[in-house]
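This is what each chain is made of:
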Amino acid sequence: MKKTLQIIGSITLLFLGSCTTEFLKEIHPTKKTADTFFTNDADAKEAAIGLYDYMTKLYGANADAFLPSFDMLRGDNLVVPKNFGNNGLSTFLTLNYNPETKVASDGWQFSYETIYRANWIIENVIDNTAISAETKKSVLAEAYFMRGFCYFVLTHLYEEVPLVLKVTTPESYYPEKATNEECWNQVVKDLEESLKGLPAPKPNFVDGRANTGVANALLARTYLYRTRPGNKQHWDKVKQYATAVESLGVYALEPMQEDKFRDIFVYTKGDKWVKNQEMIWGAGFVYGPIYGGLPFMYRNLSTLGSIGVMPVGMGPIQVVNENGVGYLPGNGRTGQARYAASPELSDIMIQYGGKGDKRTKEFLFYPKFNNYVLKNTADPTSVIVKSVVNTDSLYQKIKQTNGTAGEYLHIKKYAIKEFIGTNIWDGGYNHPLMYPVIRYADLVLMRAEAEFQLGNMGVAKEYLKKITDRAGFAPTYTDGFSGQALLDEILQQRRVELFFESQRVPDLIRLDKFKPPFIGTATGSVPFEEKLRVVPIPRRELDNNPNLVQNPLWR
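Residues numbered from 1 in each chain as written. Predicted model: local features only at pLDDT ≥ 70, side-chain atom pairs only at ≥ 80, totals over all residues. Heavy atoms only, no water.

Draft legend 1. Here's a closer look at the overall build of the protein chain. Helix and strand counts for the protein chain come out as 19 helices and 13 strands. In the protein chain, buried positions account for 56% of the 555 residues. Sequence-distant contacts, at least 24 apart, represent 73% of the contacts inside the protein chain between residues at least 6 apart. Counting only carbon and sulfur atoms, one obtains 52% of the accessible surface of the protein chain, whose full area is about 22800 Å². (Helix = DSSP H or I, 4+ residues; strand = E, 2+ residues; numbered from the N terminus. Buried < 20%, exposed > 50% of the residue type's maximum accessible area, 1.4 Å probe, protein only. Contact = heavy atoms within 4.5 Å. Areas by Shrake-Rupley, 256 points an atom, 1.4 Å probe, with all protein chains shown as cover.)

Shown next as structure tokens:
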């Protein structure tokens, strides 16, 4: 942690430092200190906006960023087929992380840098008479929210971390850890404090900034993560905050047309943002024509998980079969991606498909490179696929070969609709993407599970039915579920509905299923140990802070 705090300390000196000589006390004509920065509303608002840089660092530009690495890749939804080889994602799929793992170190540093910024804002705004009461209220609310969110992430992953609630000084460089309960209580305290000044969400508007809908949804998730099997504790709070989100009256499940589950995640049309009632909070990304973000996509096609986006390496293309049906492009040389849907998830999806689930139509496959052909040899972007492959039969083959022939199933979940070759800002090369951090479907399923745990079976079914009806199941589908079977169905619907939204691993942990056979079965996985449930405190922080102690499971 010392390195992190030294960075923070240097920032502190930049903004707060002073010297004994008159020369060094002079105000620099271009640089701002805390004394000269927080002198008006515009400065305070600018500081609040800067907090959201954390979202970009948290989710990164690839699927091996901090939060996705630990909340998506460690679970049982993905697999590395035999012929894929090792890549950056394998570290987490195979549980080969340790206190030296860079992603864990980066995430710790990003979080505490943002906490410092939030503390800096709070201390310089709270009693500042140069800032209007209205601005002060909103800026402080965002600072408390982002600090609470940082501690939410840290506590969820590391379990026990230092609670730094004031701007760091040399005297506080070496903080000790708080208990897990103290950390969670601080998350709740900060989020509750933020509700006093955050704005209400705007109807049908996709926003990457915090509002009361986001804060209540995150509070519901906070208590959900704290639940454990056989214990009724926290379920009343999950229901309370999920109900608070619903009561705002601005969120609803987006309708699904035909088999296009991915259209639910569309927020742009032409040069306009489109209405979307389902997104509660999104993280914005920008990506270019040959560079993927999380998730990768281009020209209406998700290439999530691919190493590259162009089969011929000649610029962005539309890959279709002879009938004009779009396919996912694979890497230009191998046709391989980094991972595939696990057999267990594929089994569930195919089973649901037979019951009318339209989400399963998102199953696609990456053809091998020799399955590509140019429709026009003079046009390197006129790629078509030679044949249409039935995904069900392909899946059966995959189960027998574990993908050794190069084919495998993949899920296309995210897409940009009617947003091809143009861009609101730059003419087409950097398309914006809003990754769903929290959406309303998650809150609906939280409410269903909470009602079940609180003994309200009929209400639990009502909320489950909202999800299954939208997915395409028969209206009577939920009628036959009761008891444990009802809970199992709610959890299974969470697995399918929230696939690739960083919720599977938290669910496995709170359900006491973060262990074989649910995880650690990918080729190359280390032998399972209980310590793998917790992200280890980075070695760098332990070496530099004598008061910081590693999680007991990792000692």
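Draft legend 2. How the structure looks around helix H16 (residues 457–471). The end-to-end C-alpha distance of H16 is 21 Å, a good match for the 21 Å that 15 residues give at a rise of 1.5 Å each. The axis of H16 is deflected most strongly, by about 25°, at lysine 465. Among the residues of H16, those classed as buried are Ala460, Tyr463, Leu464, Ile467, Thr468, Arg470 and Ala471. Downstream of H16 by a residue or two, glycine 472 has a phi angle that is positive, lying close to 115°. (Expected span 1.5 Å × (residues − 1). Bend = angle between axes of the 7 residues up to and from the residue.)

Draft legend 3. Representation of the packing of helix H9 (residues 133–158) against helix H11 (residues 212–226) within the structure. Where H9 meets H11, the closest approach of the two axes is 12 Å, and the angle between their N-to-C directions is 20°. Classed by the angle they form, the pair H9 and H11 counts as roughly parallel. Between H9 and H11 lies a crossing of left-handed hand. On the side of H9, the interface is formed by Phe145, Phe149, Phe152 and His156, while H11 contributes Val214, Ala215, Leu218, Arg221, Thr222 and Tyr225. Its residues placed into classes, the contact of H9 with H11 shows 7 nonpolar, 2 polar and 1 charged. (Axes fitted to C-alpha atoms, helices over the stretch in contact; angles between N-to-C directions. Parallel < 35°, antiparallel > 145°, perpendicular 65-115°, else oblique. Left-handed = near helix turned anticlockwise from the far one by under 90°. Nonpolar A, V, L, I, M, F, W, Y, C, P; charged D, E, K, R; others polar.)

Draft legend 4. Seen up close, the environment of leucine 78. One can find leucine 78 in strand E1 (residues 78–79). Residues leucine 78 and leucine 93, 15 residues apart in the sequence, show an inter-C-alpha distance of 7.5 Å.

Draft legend 5. Spatial organisation of the pattern of salt bridges. All chains considered together, the criterion is met by 31 salt bridges. The shortest N-O distance in the salt bridge between arginine 495 and aspartate 76 comes to 3.5 Å. Separated by 419 residues along the polypeptide, arginine 495 in helix H17 (residues 483–497) and aspartate 76 in the loop between helix H6 (66–71) and E1 bring together distant segments of the chain. A relative accessible area of 10% places arginine 495 in the buried class. Among the ionic pairs, arginine 147 bridges to aspartate 190, the shortest N-O distance being 2.9 Å. On the criterion of sequence distance, the pair formed by arginine 147 in helix H9 and aspartate 190 in helix H10 (residues 180–194) is long-range, its members being 43 residues apart. Per residue, the accessibility class of arginine 147 equals that of aspartate 190, and both read buried. One salt-bridge network, in which partners are shared between bridges, spans Glu278, Asp357, Arg359, Arg439, Arg470, Glu497 and Glu501. (Salt bridge = Lys/Arg side-chain N within 4 Å of Asp/Glu carboxyl O.)

Draft legend 6. Structural context of the packing of H9 against H10. At a minimum axis distance of 8 Å, the contact between H9 and H10 shows a crossing angle of 155°. Of the possible angle classes, the one that applies to H9 and H10 is roughly antiparallel. As for how H9 packs across H10, the hand of that crossing is left-handed. The segment H9 lies against H10, with Ala141, Tyr144, Phe145, Arg147, Gly148, Phe149, Tyr151, Phe152, Thr155 and His156 engaging Asn180, Cys183, Trp184, Gln186, Val187, Asp190, Leu191, Glu193 and Ser194. Taken together, the residues that form the contact of H9 with H10 break down as 10 nonpolar, 6 polar and 3 charged.

Draft legend 7. Structural detail: the side chain of glutamine 503. Tracing the sequence through the fold places glutamine 503 in the loop between H17 and helix H18 (504–510). The exposure class of glutamine 503 is buried, given its relative accessible area of 4%.

Draft legend 8. Expanded view of the nonpolar core. Ranked by size, the top nonpolar core spans 126 residues in total, and within it Met55, Phe145, Phe149, Tyr158 and Leu443 carry the most contacts. Looking at which element gives the most residues to this core, the answer is H9, with 15 residues. What phenylalanine 145 contacts, discounting residues up to four positions off in sequence, is Asp190, Leu191, Ser194, Leu198, Ala210, Val214, Ala215, Leu218 and Trp281. (Core = buried A, V, L, I, M, F, W, Y, C linked by side-chain atoms within 4.5 Å.)

Draft legend 9. Inspection of the packing of aromatic side chains at higher detail. Under the defined criterion, the tally for this structure stands at 26 aromatic pairs. Ring geometry for phenylalanine 473 and tyrosine 477: centres 4.4 Å apart, planes at 35°, overall tilted. For phenylalanine 473, a relative accessible area of 4% corresponds to the buried category. Across the ring face of tyrosine 463, the terminal group of lysine 466 is positioned such that the distance to the ring centre comes to 5.2 Å. (Phe/Tyr/Trp six-rings, centres within 6.5 Å; stacked < 30°, edge-to-face > 60°. Lys NZ or Arg CZ within 6 Å of the ring centre and 35° of its normal.)

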